[in-house]
Amino acid sequence: MEALAAALVYSIATLGPASAIGVIVMKSVESVARQPESEGSVRGLMILGVAFVEALAILGFVLFFVVLFA
Amino acid sequence: MQGTLAAIDYGGPWEVPPINELFDFPAIPGTEGWEILGVSLAVNRTVLMIFAAVIIIAAFFWHSTRDATVVPSKAQNLAESFVELIRNEVALPSIGPEGNKFLPFLTTIFAYVFLLNLFKLTPGIMLPPTSRMAIPAFLAVVVLATYVVVGVRKRGGSYFKDTLFPPGLPLWTYVIVTPIELLSNFVLRPVTLAIRLFANMVAGHILVVLTLITIHAFLTVGLFGEPLSATTPIGVAALIASPAVFAFELLIITVQAFIFTILSAVYIGLAMQEEH
């Protein structure tokens, strides 16, 4: 039962960040395609945004272990 | 781990081992009792790999830049293009013109993390030390200390003031903004930095182990009470897939080392930036 709960915790926790990272990367690729010279600054901002969103998925990963072993 | 392998080879009941068994190694005989103030200093394979990484990196850079010439030798060429890659792709875009000052720090972090990750695919070792939480956590603490010190040096007390109380907001919003900024800047950033690397390495190591065990078990003994002829196709499929798995892991370890470095640079750059 704990294993099932842990699996659900992580799989649900990835849903939001997954679509969010998709949107971030999609928009970055769009803007680089429109303005290739802005690639440097867009890439930095993209990685920063992805890092913020990914933090949520990583917290889900931590909760996975918490639910499984605690 | 050994128990599972033996059960596969000689039959008998077996179960999937706890994940810890893949990453835990006993101390090397003769070093078990070593300790200072109750902290164990026992040397195991992970510790040996850390020392090996330090020695390899130091030897590489010392050898390649010992007598630098205008027309570079092969090793010097490699080292120079490596440093230039970090400067042009990480330091200058993320930090700005002052990024050159942090180039040694960022280059060291990238080389160290990359080499420790690379041990995952080195034949005969096949274990990434970065999949033990201690190493990513320590590196993240170093990065945290670096960007806090840099921010305080560059901007003095206004670093904390501008970070915790971003100027230009209505007064009542600070009730919400300040705790979020505190948590995000000084807790979540280093924690996620460490766990991102750690989780990717754990997952990759499990993937590699599962691929290799599948090949071993399904091609040599058969499993789940099935005869060997029934499991051979799966073993062959895993054998064909294993180069792809290894290539994928090579990509992952490079990308993770790069992301660790670029995020360190971004955090340093954010700490140095003046608020407008």
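See the structure printed just above.
Residues numbered from 1 in each chain as written. Chains lettered and ligands numbered in written order. Predicted model: local features only at pLDDT ≥ 70, side-chain atom pairs only at ≥ 80, totals over all residues. Heavy atoms only, no water.

**Structural notes on the overall build of chain A**
Logical step 1: Scanning chain A from terminus to terminus reveals two helices and zero strands.
Logical step 2: Since a compact globule built from 70 residues should have a radius of gyration of about 11 Å, the 16 Å found for chain A marks it as more spread out than a globular shape.
Logical step 3: A total of 70 residues make up chain A; the buried ones form 23% of that total.
Logical step 4: Contacts in chain A between residues at least 24 apart in sequence constitute 78% of all its contacts with a sequence separation of at least 6.
Logical step 5: Taken as a whole, chain A presents about 4,400 Å² of accessible surface, with 75% of it coming from carbon and sulfur. (Helix = DSSP H or I, 4+ residues; strand = E, 2+ residues; numbered from the N terminus. Rg over C-alpha atoms; globule rule 2.2 N^0.38 Å. Buried < 20%, exposed > 50% of the residue type's maximum accessible area, 1.4 Å probe, protein only. Contact = heavy atoms within 4.5 Å. Areas by Shrake-Rupley, 256 points an atom, 1.4 Å probe, with all protein chains shown as cover.)

**Considerations on the packing of aromatic side chains**
Logical step 1: Scanning the model with the defined rule gives 14 aromatic pairs over all chains in all.
Logical step 2: When the centroid spacing of 6.4 Å and the interplanar angle of 20 degrees are considered together, the rings of F61 of chain A and F64 of chain A count as stacked. In this pair, F61 of chain A and F64 of chain A both sit in helix α2 (residues 39–69), three residues apart, roughly one turn of the helix.
Logical step 3: In this structure F61 of chain A comes out as buried when scored by relative accessible area, which is 14%.
Logical step 4: Of the aromatic side chains, those joined through ring pairs into one cluster are F60, F61, F82, F110, F114 and F258 of chain B.
Logical step 5: Note that R66 of chain B overlies the ring of W62 of chain B, its terminal NZ or CZ placed 5.0 Å from the centroid. (Phe/Tyr/Trp six-rings, centres within 6.5 Å; stacked < 30°, edge-to-face > 60°. Lys NZ or Arg CZ within 6 Å of the ring centre and 35° of its normal.)

**A word on α2 of chain A**
Residues and elements named next belong to chain A.
Logical step 1: In a regular helix each residue adds 1.5 Å, so 31 residues correspond to 45 Å; α2 covers 44 Å between its end C-alpha atoms and thus fits that length.
Logical step 2: The principal kink in α2, of about 30 degrees, is found at A55.
Logical step 3: Where α2 is concerned, the buried positions are V42, I47, L48, G49, V50, A51, V53, A55, A57, I58, G60 and F61. (Expected span 1.5 Å × (residues − 1). Bend = angle between axes of the 7 residues up to and from the residue.)

**Things to note about the pattern of salt bridges**
Logical step 1: For the structure on display, the rule yields eight salt bridges over all chains.
Logical step 2: Among the ionic pairs, R43 of chain A bridges to E89 of chain B, the shortest N-O distance being 3.1 Å. With one member in each of two chains, R43 of chain A in helix α2 and E89 of chain B in helix α4 (residues 74–95) form a pair that bridges those chains.
Logical step 3: For R43 of chain A, a relative accessible area of 32% gives the class partly exposed.
Logical step 4: E98 of chain B is the salt-bridge partner of K154 of chain B, the closest N and O atoms lying 2.9 Å from each other. Placement of K154 of chain B in helix α6 (residues 134–155) and of E98 of chain B in the loop between α4 and α5 (103–118) is noted, with a sequence separation of 56 residues between them.
Logical step 5: Judged by relative accessible area, K154 of chain B falls into the partly exposed class, the value being 36%. (Salt bridge = Lys/Arg side-chain N within 4 Å of Asp/Glu carboxyl O.)

**Digging into the interface of chain A and chain B**
The figure often quoted for interface size is the accessible area lost as the parts come together.
Logical step 1: Contacts between the two partners involve eleven residues from chain A and, on the opposite side, 13 residues from chain B.
Logical step 2: Taking both sides of the interface into account, the surface hidden between chain A and chain B amounts to around 1,200 Å²; carbon and sulfur atoms contribute 80%.
Logical step 3: On the chain A side of the interface with chain B, the three residues burying the most area are I47, L48 and I58 of chain A, jointly 35% of the side's total.
Logical step 4: Inspection of the region where chain A meets chain B yields two salt bridges.
Logical step 5: For the pair chain A and chain B, the number of links is two residue pairs in polar contact (both at pLDDT 80 or more).
Logical step 6: Across the side of chain A that touches chain B, the residue classes break down as nine nonpolar, no polar and two charged. (Buried area = accessible area lost by both parts, 1.4 Å probe. Polar contact = N/O pair within 3.5 Å; in protein donor to acceptor, adjacent residues only side chain to side chain. Nonpolar A, V, L, I, M, F, W, Y, C, P; charged D, E, K, R; others polar.)

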